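# Structural overview
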Amino acid sequence: MTNQTDTVFASADIQEQILQAFHFRHATKVFDPERKIGDDEFNTILESARLSPSSFGMEPWQLLIVQSPDKRELFRDFTWGANGAFNGTAGQLGTASHFAIFLAHTGATMTHHSDYLQRHMKEVKQLPDEVIGFINGAYQKFQEQDFGIEGDRQITDWSARQAYIALANMMTTAALMGIDSCPIEGFEMDKASAVLEQYFGIDPAIYQPVVMVAFGYRAGAPAHPKTRRELDHLVTWA
Ligand SMILES: Cc1cc2nc3c(=O)[nH]c(=O)nc-3n(C[C@H](O)[C@H](O)[C@H](O)COP(=O)(O)O)c2cc1C
């Protein structure tokens, strides 16, 4: 049994651990290429993505984990945010223990009433038909009226927004385990999409790369101390 005092102490410990993890995490530019993340720890990172929330529970993203050095090299030329060109290193692409690419679902699967969504609600979410019918209507209104998500690019961007929730959870989970990470938007989307189609068989009409993320253990201390706006500059209470 925990009494109130225990709860307060436990909560204080957890708060400290969480904040330590947020201070520890930084956008790691170069990882120690000799240090690999264990399978159990990486699975925990993946679980934090899988269990992440998504709008309407539609889970509109996939993760491609690129481990083969040859395959990672296919992205080097146009992935300026992870190729180390700016600091003369092999970059995150060449040094990360694990390198992942988030693929956002496009309008082909995420437009209201799509076959894919019907299957998802029935088979994954195990919803009864009447609830599926209700969600179909609400989701159509959401897309067409509430959020005005009309074109394929807008639907892909909406999917990407859900992917970023998982991305953030993965990086926080990693940091809590002392594992470093770097989110990466520094790449040319069209070229990444073309490589994914040609070498990985990923249909660009269905999936678009939206953000990458590298994991591993830092090769050295961060180059700069963390800088952020003060809390009262970014939070307004009303
Ligand atoms: C969505 C996103 C994309 C980013 N893309 C890159 C990138 O391509 N390459 C890189 O080295 N850092 C990238 N960063 C890291 C940011 O520059 C970094 O988070 C920011 O400067 C704050 O520094 P800190 O994360 O070390 O505290 C990205 C961050 C986010 C959230």
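Residues numbered from 1 in each chain as written. Predicted model: local features only at pLDDT ≥ 70, side-chain atom pairs only at ≥ 80, totals over all residues. Heavy atoms only, no water.

### Focus: the sheet that holds strand E3 (residues 180-184)
Taken in spatial order, the 4 strands line up as E1-E2-E4-E3 in an open sheet, and their pairing is antiparallel. The open sheet has two edge strands, strand E1 (61-65) and E3, and neither has a second partner. Put simply, the sheet's adjacent strands are angled 25° from each other on average, direction ignored. The pairing of strand E2 (residues 98-105) with strand E4 (residues 207-216) spans 8 bridges and is antiparallel. Bridge pairing in E4 links Ala100 to Val213. (Pairing = 2+ DSSP bridges. Helix = DSSP H or I, 4+ residues; strand = E, 2+ residues; numbered from the N terminus. Axes fitted to C-alpha atoms, helices over the stretch in contact; angles between N-to-C directions.)

### Description of the UniProt feature "domain: Nitroreductase" (unreviewed entry) in the protein
Mapped onto the present numbering, the UniProt feature "domain: Nitroreductase" (unreviewed entry) falls at residues 25-217. Helix makes up 47% of residues 25-217 and strand 15%, with an end-to-end C-alpha separation of 11 Å. (UniProt positions renumbered as here; feature names shortened; annotations may be inferred.)

### Focus: the packing of aromatic side chains
The geometry of an aromatic ring pair is captured by the separation of the ring centres together with the interplanar angle, meaning the angle of the planes. On inspection of all chains with the given rule, the structure shows 10 aromatic pairs. Through successive ring pairs, a cluster of aromatic residues spans Phe56, Tyr139, Phe142, Phe147 and Trp158. The ring of Tyr217 carries Arg35 above its face, with NZ or CZ at 3.8 Å from the centroid. Positioned over the ring face of Phe24 is Arg218, at 4.1 Å from the centre of the ring. (Phe/Tyr/Trp six-rings, centres within 6.5 Å; stacked < 30°, edge-to-face > 60°. Lys NZ or Arg CZ within 6 Å of the ring centre and 35° of its normal.)

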